[in-house]
Amino acid sequence: MALVNENYLKLPGNYLFSEIARRVNEFKQQNPASDIIRMGIGDVTRPLPPAVIDAMHKAVDEMGSLDTFRGYGPEQGYEFLAEKIIENDFKPRGVNLKVDEVFISDGAKTDTANFQELLGVDNIVAVTDPVYPVYVDSNVMAGRTGKVNAQGQFDKLIYLPCIEENDMKPEFPTSRVDMVYLCYPNNPTGTTLTKEDLKKWVDFARENKVLILFDAAYEAFIREENVPHSIFEIEGAREVAVEFRSFSKTAGFTGTRCAYTIVPHELMAYDSQGQAHSLNKLWLRRQTTKFNGVSYPVQAAAAAVYTPEGQQQIKETIDYYMENARLIREGLQKAGFKVFGGVNAPYIWMQTPNKMSSWDFFDKLMKEAEVVGTPGAGFGANGEGYFRLTAFNTRENTERAIQRIINKLG
Ligand SMILES: *Cc1c(COP(=O)(O)O)cnc(C)c1O
């Protein structure tokens with residue numbers, strides 16, 4: 001008899017997006033003439049840049065020719081891409097990396113979910129609240145979280161509230177923690193940490209031998225000077241942090257799949273005898289066993305992001321989204337809402353009026369303005385009373401949605 005991994009039975013249902021779809025469909029059935037604008041899109045919408053498409057075409061042709069065909073590549077990615085990543089994404093910020101510290105993969109979701117496999121099951125994990133659900137669910141699957149309570153919170157997880165009172169910045173845990181997930185710029189709140197804030201986290205991690213799992217999927221959206229793009233801009237971070245990056249939001253690769261993870265040589269985890277073990281070595285071991293690399297045409301396409309044309313083209317797309325973010329942020333402020341984010345990230349985190357629940361506000365916004373977003377409560381207990389709007393719709397729809405919110409709810 002095959003026994004199930006009972007940790008999977010502790011997983012919360014994937015209720016958020018199915019419940020949104022259910023409510024939208026019901027509203028549309030009752031109001032066939034309605035013109036709903038979706039401001040909850042969590043995926044990019046602009047096409048891949050021409051430089052990327054050209055490189056992918058060329059690489060596909062290479063795969064069809066005897067002289068240039070490639071079979072299995074290195075599981076951790078081709079050096080041609082790792083070198084471009086180091087030269088372009090890190091060196092200009094004063095961060096020096098070795099080629100074998102860069103692990104190319106098919107997604108930051110995959111890597112943020114898988115990296116915990118290298119760590120002991122008795123480690124105490126901290127997450128921000130609200131949070132990107134992948135960090136929680138992957139640790140539930142691994143058996144690191146204990147049981148769930150009526151509020152949907154797990155016994156053994158440490159939740160770091162990100163609320164109005166702390167300006168959406170998590171405070172240090174007051175009890176023992178071994179691993180902490182930080183995502184900056186943040187999904188869902190759209191907020192960031194300054195260099196000083198992140199330095200405090202690195203110092204805390206060094207003092208307490210905590211591993212920081214740093215998700216920088218939105219670094220390309222950073223506009224302000226004092227916001228670090230990489231945790232490795234902070235002195236000492238190489239001893240305590242792993243960093244996840246992705247071409248998904250940066251270059252429109254959500255349907256193409258390419259990302260990378262930086263695991264410094266200094267980064268260690270300890271066995272029960274206190275002996276240090278290199279996480280770089282263990283991650284290589286894990287990837288070479290469980291992963292066979294990203295396809296050559298996709299890695300060639302990702303490398304084209306770093307050509308001058310590629311850089312110009314991704315900048316134009318990100319500028320487009322960030323102009324949407326500005327319109328949303330300023331429009332909501334004009335309508336009298338309290339808002340966070342939207343300056344260095346494509347997400348705007350708004351407070352619901354009069355402490356209305358996230359789902360009640362969802363209904364109100366849908367019925368009165370025909371605009372759909374994402375209830376903050378879906379990202380954690382401290383997301384209750386908040387609502388997420390995203391900058392990924394078209395300019396035209398973004399302008400229409402904001403005008404409606406100002407007219408109907410302002
Ligand atoms: C979109 C997103 C990613 C990127 O995931 P991919 O698997 O690379 O597409 C990672 N982290 C967060 C928080 C995200 O929102």
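Procedures and definitions
- Residues numbered from 1 in each chain as written.
- Predicted model: local features only at pLDDT ≥ 70, side-chain atom pairs only at ≥ 80, totals over all residues.
- Heavy atoms only, no water.
- Pairing = 2+ DSSP bridges.
- Helix = DSSP H or I, 4+ residues; strand = E, 2+ residues; numbered from the N terminus.
- Axes fitted to C-alpha atoms, helices over the stretch in contact; angles between N-to-C directions.
- Domains from an automatic or database assignment.
- Contact = heavy atoms within 4.5 Å.
- Buried area = accessible area lost by both parts, 1.4 Å probe.
- Salt bridge = Lys/Arg side-chain N within 4 Å of Asp/Glu carboxyl O.
- Polar contact = N/O pair within 3.5 Å; in protein donor to acceptor, adjacent residues only side chain to side chain.
- Nonpolar A, V, L, I, M, F, W, Y, C, P; charged D, E, K, R; others polar.
- Expected span 1.5 Å × (residues − 1).
- Buried < 20%, exposed > 50% of the residue type's maximum accessible area, 1.4 Å probe, protein only.
- Near = heavy atom within 4 Å.
- Areas by Shrake-Rupley, 256 points an atom, 1.4 Å probe, with all protein chains shown as cover.
- Core = buried A, V, L, I, M, F, W, Y, C linked by side-chain atoms within 4.5 Å.
- Arc of directions from axis to C-beta.

(A) Quick peek at the sheet that holds strand E5 (residues 179-183). Taken together, the 7 strands give an open sheet; going across it, the order is E2-E8-E7-E6-E5-E3-E4, and neighbouring strands pair in mixed fashion. Of all the strands in the sheet, the pair left with one neighbour each is strand E2 (102-105) and strand E4 (158-161). Within the sheet, the average angular offset between the axes of one strand and its neighbour, ignoring direction, is 20°. Note that strand E6 (residues 211-215) and strand E7 (residues 241-246) share 4 bridges and pair parallel.

(B) Expanded view of the domain arrangement of the chain. For the chain, the assigned domains are domain 1 (11-47 + 309-409) and domain 2 (54-306). The C-alpha-based centres of domain 1 and domain 2 are spaced at 26 Å. In this complex, domain 1 contributes 31 residues to the contact, which on the side of domain 2 involves 38 residues. In total, domain 1 and domain 2 occlude about 2800 Å² of area from one another, counting both sides; carbon and sulfur atoms represent 61% of this. One can count 2 salt bridges joining domain 1 with domain 2. At the boundary of domain 1 and domain 2, one finds 12 residue pairs in polar contact (both at pLDDT 80 or more). No other element matches the 7 residues that helix H10 (residues 308-334) contributes to the side of domain 1 that touches domain 2. Its residues assigned to classes, the side of domain 1 that touches domain 2 comprises 17 nonpolar, 10 polar and 4 charged.

(C) The arrangement of helix H12 (residues 395-409) in detail. Its 15 residues give H12 an end-to-end C-alpha distance of 21 Å, which sits within 8% of 21 Å, the value for a rise of 1.5 Å per residue. Within H12, the full set of buried residues consists of Thr398, Ala401, Ile402, Arg404, Ile405, Ile406 and Leu409. Elements in contact with the buried residues of H12: strand E1 (37-38), H10, helix H11 (358-369), strand E13 (371-372) and strand E15 (386-390).

(D) Seen up close, the environment of methionine 350. With respect to the helices and strands, methionine 350 occurs in strand E12 (residues 347-351). When the C-alpha positions of methionine 350 and tyrosine 306 are compared, they lie 35 Å apart, and in sequence the two are 44 residues distant.

(E) Quick look at the pattern of salt bridges. By the definition in use, this model includes 25 salt bridges. With a closest N to O distance of 3.0 Å, glutamate 87 and lysine 91 form a salt bridge. Linking glutamate 101 and arginine 238 is a salt bridge whose minimum nitrogen-to-oxygen distance equals 2.5 Å. Of this pair, glutamate 101 sits in the loop between helix H3 (79-90) and E2 while arginine 238 sits in the loop between E6 and E7, and the two are 137 residues apart along the sequence.

(F) Inspection of the site of the ligand at higher detail. Close to the ligand lie 14 residues; Asp215, Tyr218, Ser246, Ser248 and Lys249 are nearest. At 2.5 Å from an oxygen atom of the ligand is found a side-chain nitrogen or oxygen belonging to serine 248. In this structure, an oxygen atom belonging to the ligand sits 2.7 Å away from a side-chain N or O atom of arginine 257. For the ligand, the protein covers 94% of the area, taking 390 Å² as the surface of the free molecule.

(G) Just the nonpolar core, in detail. Ranked by internal contacts, the top residues of the largest apolar core, which has 98 residues, are Phe247, Phe253 and Ile405. If one sorts the elements of this core by residue count, H10 sits on top with 8 residues. Each of domain 1 (11-47 + 309-409) and domain 2 (54-306) gives at least three residues to this core. Those residues in contact with isoleucine 405 that lie beyond four places of it in its chain are Leu332, Phe337, Leu365, Ala369, Val371, Leu389 and Gly410. Within the second largest apolar cluster, 27 residues are counted, among which are Leu119, Tyr159, Cys183 and Leu213.

(H) The arrangement of helix H6 (residues 195-208) in detail. Helix length check: H6, at 14 residues, gives a terminal C-alpha distance of 20 Å against a target of 20 Å (1.5 Å per residue), a fit within 8%. Of all the positions in H6, only Asp197, Leu198, Trp201, Val202, Phe204 and Ala205 are classed as buried. In a view along the axis of H6, the buried residues occupy a sector of 160°, so they form one face of it. Among the structural elements, E4, E5 and E6 are those in contact with the buried residues of H6. Just beyond H6, the residue with positive phi is lysine 209, at close to 50°.

(I) Structural detail: the environment of threonine 112. Mapped onto the elements of the fold, threonine 112 is located in helix H4 (residues 108-114). The spatial distance from the C-alpha of threonine 112 to the C-alpha of alanine 302 is 20 Å, given a sequence separation of 190 residues. With residues near it in sequence (within four places) discarded, threonine 112 still touches Tyr132, Val134, Tyr135, Ser138, Tyr181, Asp215 and Phe244. Only 2.8 Å separates the side chain of threonine 112 from the backbone oxygen of alanine 108, close enough to count as a polar contact.

(J) Structural detail: the sheet that holds E15. Taken in spatial order, the 4 strands of this open sheet run E11-E12-E15-E14, and their pairing is antiparallel. Two strands lie at the open edges of the sheet, namely strand E11 (339-341) and strand E14 (374-375), each paired on one side alone. In this structure, E11 lies alongside E12, joined through 3 bridges in antiparallel fashion. Paired with valine 339 across the two strands is methionine 350, which belongs to E12. Contacting E12, E14 and E15, H11 runs over the sheet at an angle of about 50° to E15.

(K) How the structure looks around the pairing of E2. With burial as the criterion, each face of E2 is covered, one bearing Val102 and Ile104 and the other bearing Phe103 and Ser105. Pairing between E2 and strand E8 (residues 259-262): 4 bridges, direction antiparallel. Within E8, the residue paired with isoleucine 104 across the bridge is tyrosine 260.

(L) Inspection of the side chain of threonine 352 at higher detail. Looking at the secondary structure, you find threonine 352 in the loop between E12 and H11. Note on threonine 352: relative accessible area 6%, which makes it buried. At 2.5 Å, the side chain of threonine 352 and the backbone oxygen of methionine 356 are in polar contact. Here threonine 352 is in contact with Ser357, Ser358, Phe361, Gly385 and Tyr386, once residues within four sequence places are set aside.

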